[in-house]
Structures are given as structure tokens and as C-alpha cells.
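# Examining the three-dimensional arrangement
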Amino acid sequence: MEAMRATKAELRRPDGQPVRVLVVDDESTLAELMTMALRMEKWDVRTALDGRTAVRTAREFRPDAVVLDVMLPDFDGFEVLRRMRGEQPNLPVLFLTARDAVEDRIAGLTAGGDDYVTKPFSLEEVVLRLRALMRRTGVTEEDAGARLVVGDLTLNEDTREVTRAGEQISLTVTEFDLLRYLMSNPRRVLSKAQILDRVWSYDFGGQANIVELYISYLRKKIDAGRAPMIHTMRGAGYVLKPAA
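Anyway, here's the lowdown on the structure attached to this text. Everything numeric in this text was worked out from a predicted model, so none of it was measured.

### Notes on the sheet that holds strand E8 (residues 147-150)
Pairing within the open sheet is antiparallel, and its four strands lie in the order E8-E9-E10-E11. Both edges of this open sheet fall to E8 and strand E11 (167-169), since each of them pairs with a single strand only. On average, each strand axis in the sheet is tilted by 20° relative to the strand beside it, whichever way the strands run. In this structure, strand E10 (residues 162-164) lies alongside E11, joined through three bridges in antiparallel fashion. Residue pairing across strands places Thr 163 opposite Gln 168, the latter belonging to E11. The strands touched by helix H6 (residues 173-184) within the sheet are E8, strand E9 (153-156) and E10, with E9 carrying the most contacts at an inclination of about 115°.

Right under this line is the structure:
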């Protein structure tokens, strides 16, 4: 039976300890969901529901990165950032902003935020943005080979290169994101709703046939002329597994 593994490079602090992330959002349910997603990365995560708690927690916790909502009940995320940077000048910050608040995005980046995502968003996007942010700012080390491997199919998250049996495959941004999600869940049947949520974000206004369309694009590039890896489970969704 062909070996299969699907692994991500594990981010670590230079001292070998788990990465520390502080999540600041006054929506407790969303903060909890983000915390669960980040802990699946084996990161040490703390949460704060308001600005004052966030500043105090950052002082005690010394996070490696912060996910910071702009709108908070006491003072806004820009003030939180200013106070945190007073003690950790190079602290990487990922801002969460409202969908249409272009001024918030501009203000956040002007205030020193390193990146931002707009609400609503997929949890996977937050994880990926944080991984990229921490690698880019040099606050973490990582295991060699930031790759996903399923059978003879390999995806490199850093270089965005994809190969099958050593042959390079060129993908669009959306095709790459879809394949990454499939490869992160090998042998698991993923519904169209799950794929829409993770790849296009849960507020996507189109129909589920966008998933069918992009699955067909991937098949033409991944499976063309080869034993198929992407399978349709009628009435259930799609699954990616090593070729038989």
C-alpha cells in the first residue's frame, strides 16, 4: 500500500517552545473558534475580549503574534496595538476588520499592523496568514519542508509549487487553495459546504456549482493521464487519496 502523509511544517519559537498567539475579539464564540483552530497547530493560545485585558495579557504572556479585532468595547484595536508595541516593538499583528471598512484597513496598516483579514473569514485563512506573518517577521523557526504530501502528489506551502510524480503542475491561486484543503484532509470526504467555507469563506454568495467547476479544473491538471486521486462521493462530496 502506498505511503501517505499530510504534514505541515511545525512553527516553533527559537527556544523550541510552542508559538504563542494572543486572540483579541469581543465576540466570544468567534474567539473560541479561532483559539481551537490555532491550538490544532500546536500553538499556545490565550484570548482577550476587550482592550484592557488584551494589553495586560500581552504583558504577562509575551505572545509571538496577535490576532486583533479593530472594534472592541473599551478602546479600539489601534490603541491596543500602540500599547502592546510600547513593550514589544516588533510584535506581529494581524488585524480583523469589517468587510467594507476600507478606512479600517488603511488605518490598521498605517498604525503598524502587519496584515489584515476582513470579516467574515475562514479560520483556515487566519491560520495561513499567521503562519506567513510569523515566518516573514522571523519570530519563529520551522521544521524543514513546509509540505503536504499525499501519495506522489506534493504541495509546498512556502514556494506554492505543486508536483505529481516529480512533474511540476501550474495552478491558479484558487486551485492551489482548493488542493491545499483537500490535501490537508486526505481520505476524508469533504462536502461542498465545507469546501465553500474553507476556500471561498462562508459568506460566499455563489452556488455550490463553483466547487464542481474548480474540482473539474483540478482534475484536468492533477489526474489527467494518471490514476485518479480526486474522487466524487455522490451525495456527500469529494475525497482526495493516493492513486490505487
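### A look at the nonpolar core
Formed by 29 residues in total, the largest nonpolar core has its most connected members in Val 162, Leu 179, Ile 195 and Leu 240. Mapped by element, the contributors of at least two residues to this core are E8, E9, H6, helix H7 (192-200), helix H8 (209-222) and strand E13 (237-240). Residues contacting Ile 195, with those up to four places away along its chain left out, are Leu 178, Tyr 181, Leu 190, Trp 200, Val 211 and Tyr 238. Counting residues in hydrophobic clusters, the runner-up holds 22 residues, among them Met 34, Ala 37, Val 126 and Leu 133.

### Thoughts on the layout of surface pockets
Space inside the second largest pocket adds up to approximately 250 Å³. Along the walls of the second largest pocket sit 14 residues, with Glu 125, Leu 128, Asp 177, Arg 180 and Val 199 positioned nearest its centre. Here the lining of the second largest pocket gets five residues from one element, more than from any other, and that element is helix H5 (residues 123-137).

### Side note on the packing of aromatic side chains
Overall, the coordinates contain two aromatic pairs when judged by the stated rule. Aromatic pair Phe 78 and Phe 95: ring centres 5.4 Å apart, planes at 70°, arrangement edge-to-face. Taken together, the residues Phe 78 in helix H3 (residues 77-87) and Phe 95 in strand E5 (residues 93-98) connect sequence positions 17 residues apart. Taking 5.0 Å as the distance between ring centres and 75° as the angle between the ring planes, the aromatic pair formed by Tyr 214 and Tyr 217 counts as edge-to-face. Of this pair, Tyr 214 and Tyr 217 both sit in helix H8, separated by three residues, roughly a single helical turn. Tyr 214 gets classed as buried once you look at its relative accessible area, which sits at 17%. Overall, the relative accessible area of 30% leaves Tyr 217 in the partly exposed class. Against the face of Phe 75 rests Arg 83, its NZ or CZ located 4.3 Å from the ring centre.

Calculation rules
Residues numbered from 1 in each chain as written. Predicted model: local features only at pLDDT ≥ 70, side-chain atom pairs only at ≥ 80, totals over all residues. Heavy atoms only, no water. Pairing = 2+ DSSP bridges. Helix = DSSP H or I, 4+ residues; strand = E, 2+ residues; numbered from the N terminus. Axes fitted to C-alpha atoms, helices over the stretch in contact; angles between N-to-C directions. Contact = heavy atoms within 4.5 Å. Core = buried A, V, L, I, M, F, W, Y, C linked by side-chain atoms within 4.5 Å. Buried < 20%, exposed > 50% of the residue type's maximum accessible area, 1.4 Å probe, protein only. 1 Å grid on protein atoms, 1.4 Å probe; cavity = no way out; pocket = protein on both sides within 12 Å on 5 of 7 lines; lining within 4 Å. Points joined across faces, edges and corners; volume = space filled by probe spheres on them. Phe/Tyr/Trp six-rings, centres within 6.5 Å; stacked < 30°, edge-to-face > 60°. Lys NZ or Arg CZ within 6 Å of the ring centre and 35° of its normal.

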